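Working through the structure, step by step
The lines below spell out each chain.
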Amino acid sequence: MKLLKNLYNKFQKRFKTKSKSKLITLFLFALPFLPIFPYVRNSESIFLFGFIEGSVDNFYEVVGYDIFANNEKDLLENSTKFDEGRALFDLAKLSEKPIPPIGKHKNYLIEKGLSKDLAFCISMRDFLFYDYFYQIETSKSIHKYEPSPVPIVWFVRSALVSWVLDAVRIPDADIVVYEKLSKRCSKYKNIFPPKGYLNNDFTF
């Protein structure tokens, strides 16, 4: 009888230990799917840890690509507070801004009496100026889209969705493009930076 009692006590103790282990494992598994990061919210944004700004009200909305569907224009023109808090709303709003046509700008300058080469340089200069600020706004929108108090959602937005957005957005002008333009257009004083601009040489 004593032997049976000992076996029972050992079995009961082992069962309780396994149950606790399962609960702990389940708890640890569930943590990344819960809004565990501290945040505060104002009328326009959420701030994780008090300083990382996010723009998405729905913590669990991972992708949000459907905002670029056929009704995108109507959604942007007649947006509700709910729409403004959706994933990628800021990016969709930015994508609706027209991109200045370089060719049209160049032809306009030629019609006004400028040479083709000078018109080209001015239109490219103005486009680079626009592109600089457009890329800043795009990057800000993507970075504000990523944060979520839910770790797994933040990870997916940052590792997968953000990578896709970076791949499909308008490519920004790189240093190679700038150097080619500099060689061609630096001869026009007060129109384009001098050739040695990147080396702190500001003489024409």
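Placed above this text is the structure.
In this text, all values refer to a predicted model and were calculated from it rather than measured experimentally.

Strand pairing in a sheet relies on backbone hydrogen bonds. The paired strands run either parallel or antiparallel. Pairing is antiparallel in the open sheet, where three strands are placed in the order β1-β2-β3. Looking at which strands have only one partner, the edges of the open sheet turn out to be β1 (39–41) and β3 (52–54). Neighbour-to-neighbour, the strand axes of the sheet open up by a mean angle of 25 degrees, direction not taken into account. Alignment of β1 against strand β2 (residues 46–48), held across three bridges, turns out to be antiparallel.

This part is about the layout of surface pockets. By volume, the largest pocket is sized at about 520 Å³. Glu 44, Glu 84, Phe 89, Asp 90 and Lys 144 are, among the 20 residues lining the largest pocket, the residues nearest its centre. For the lining of the largest pocket, the class distribution of residues is two nonpolar, seven polar and 11 charged.

A side chain of one charge can pair with a side chain of the opposite charge if their charged atoms are brought near each other. Scanning all chains against the criterion turns up five salt bridges. Among the salt bridges present, the one from Lys 187 reaches Asp 117, with a minimum N-O distance of 3.1 Å. Of the two residues, Lys 187 is situated in the segment after α8 (175–185) and Asp 117 in helix α6 (residues 116–145); the sequence distance between them amounts to 70 residues. For Lys 187, a relative accessible area of 55% translates into the label exposed.

The next point concerns the nonpolar core. Formed by 13 residues in total, the largest nonpolar core has its most connected members in Phe 120, Cys 121, Leu 181, Cys 185 and Phe 192. Of all the elements in the fold, those that place two or more residues in this core are α6 and α8. Counting residues per element, this core draws most heavily on α6, which supplies seven residues.

For the rest of this paragraph, the subject is unusual backbone geometry. What you tend to see is this: most non-glycine residues have negative phi, and most peptide bonds are trans. Positive phi outside glycine occurs at Phe 49, with the angle close to 55 degrees. You can see Phe 49 is positioned in the loop between β2 and β3.

Here the focus is the packing of aromatic side chains. Evaluation of the coordinates by the stated rule reveals six aromatic pairs. Relative to Phe 49, the ring of Phe 37 lies with its centre 5.3 Å away and its plane at 45 degrees, an arrangement referred to as tilted. Placement of Phe 37 in the loop between α1 (2–30) and β1 and of Phe 49 in the loop between β2 and β3 is noted, with a sequence separation of 12 residues between them. Among the residues examined, Phe 37 registers a relative accessible area of 23% and is labelled partly exposed.

Right, let's talk about the packing of helix α5 (residues 102–111) against α6 for a bit. At a minimum axis separation of 8 Å, α5 and α6 run at an interaxial angle of 140 degrees. Looking at the two axes, α5 sits oblique to α6. α5 and α6 meet at a crossing whose hand is right-handed. Contact residues: Ile 102, His 105, Lys 106, Leu 109 and Ile 110 in α5; Lys 116, Ala 119, Phe 120, Ile 122, Ser 123, Met 124, Asp 126 and Phe 127 in α6. Taken together, the residues that form the contact of α5 with α6 break down as eight nonpolar, two polar and three charged.

Procedures and definitions
Residues numbered from 1 in each chain as written. Predicted model: local features only at pLDDT ≥ 70, side-chain atom pairs only at ≥ 80, totals over all residues. Heavy atoms only, no water. Pairing = 2+ DSSP bridges. Helix = DSSP H or I, 4+ residues; strand = E, 2+ residues; numbered from the N terminus. Axes fitted to C-alpha atoms, helices over the stretch in contact; angles between N-to-C directions. 1 Å grid on protein atoms, 1.4 Å probe; cavity = no way out; pocket = protein on both sides within 12 Å on 5 of 7 lines; lining within 4 Å. Points joined across faces, edges and corners; volume = space filled by probe spheres on them. Nonpolar A, V, L, I, M, F, W, Y, C, P; charged D, E, K, R; others polar. Salt bridge = Lys/Arg side-chain N within 4 Å of Asp/Glu carboxyl O. Buried < 20%, exposed > 50% of the residue type's maximum accessible area, 1.4 Å probe, protein only. Core = buried A, V, L, I, M, F, W, Y, C linked by side-chain atoms within 4.5 Å. Phe/Tyr/Trp six-rings, centres within 6.5 Å; stacked < 30°, edge-to-face > 60°. Parallel < 35°, antiparallel > 145°, perpendicular 65-115°, else oblique. Left-handed = near helix turned anticlockwise from the far one by under 90°. Contact = heavy atoms within 4.5 Å.

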